[in-house]
Amino acid sequence: MRPVFLDRDGVISIFTPDDYVKNWDEFKFIPAAFAGLRKLTENGFDIVIVSNQAGVGRGLFSSEDLQSITQNMLARLKKCGIDIYRVYYCTHRKEDNCACRKPKTGMIEQFISENGEFERERTFFVGDADIDIETGIKSGMRTILVLSGKTKSIDEIHSWNFRPEFVAEDIEKAAEIIIRESKRGTHGKKDPRDCVE
Ligand SMILES: [Mg+2]
Ligand SMILES: [Zn+2]
């Protein structure tokens, strides 16, 4: 198993400040997601999405709504030859003090209990926020911050307690870093740019 852990909003889908993606109509792919996820798929990575969705716990949308968003997202990506290995959500509110809400590592531990241990020091966690980087580092992984969501500038990371190993413009650039760092040759035949929204 060769997992790569990705946050969803701000990495795969467009981040909406002060709001949640409550239904499929509100879910918009970041254009670079198709090329980035294709590169990871074609290089043999098992893509795992790890996302906080407290809007469920707040009653702003239901777990059925979230499931519907996920099914639509997976179907759309599948059409582009992209396989998502697993999807994990924390649907609790911050005040629920659960074990799974990032920056806690509960979703990673759940993944391991269900899928087995992996080489953490060779595995990447990619996110657009400080809590993603903290989750990755606390889980013993390498980290990449993408500037396609909540964090707009590299200047913001100076005040963070947990700082990323790499900063990339978007998930496509992050995928290139992951592939390069993993020192594996590419064996994809199609240009990932063939598949865009
Ligand atoms: Mg995010
Ligand atoms: Zn939780």
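(A) Main features of the sheet that holds strand 3 (residues 84-90). Reading across the sheet, the six strands line up as 3-2-1-4-5-6 and stay open at both edges, with parallel pairing between neighbours. Either end of the sheet is taken by a strand with one partner, and the two such strands are strand 3 and strand 6 (166-168). On average, each strand axis in the sheet is tilted by 20 degrees relative to the strand beside it, whichever way the strands run. Relative to strand 2 (residues 46-52), strand 1 (residues 3-6) is paired through four bridges, and the arrangement is parallel. Paired with Val4 across the strands is Ile47, a residue of strand 2.

(B) Geometry of the packing of helix 1 (residues 32-42) against helix 6 (residues 171-181). The interhelical angle for the contact between helix 1 and helix 6, taken along N-to-C directions, is 20 degrees, at an axis separation of 7 Å. Taken together, helix 1 and helix 6 sit at an angle that is classed as roughly parallel. Crossing angle aside, the handedness with which helix 1 passes helix 6 is left-handed. Across from Ala32, Ala33, Ala35, Gly36, Leu37, Lys39 and Leu40 in helix 1, the residues of helix 6 making contact are Ile171, Glu172, Ala174, Ala175, Glu176, Ile178 and Ile179. Per-class residue counts for the contact of helix 1 with helix 6 are 10 nonpolar, one polar and three charged.

What counts and what doesn't
- Residues numbered from 1 in each chain as written.
- Chains lettered and ligands numbered in written order.
- Predicted model: local features only at pLDDT ≥ 70, side-chain atom pairs only at ≥ 80, totals over all residues.
- Pairing = 2+ DSSP bridges.
- Helix = DSSP H or I, 4+ residues; strand = E, 2+ residues; numbered from the N terminus.
- Axes fitted to C-alpha atoms, helices over the stretch in contact; angles between N-to-C directions.
- Parallel < 35°, antiparallel > 145°, perpendicular 65-115°, else oblique.
- Left-handed = near helix turned anticlockwise from the far one by under 90°.
- Contact = placed C-beta atoms within 7 Å.
- Nonpolar A, V, L, I, M, F, W, Y, C, P; charged D, E, K, R; others polar.

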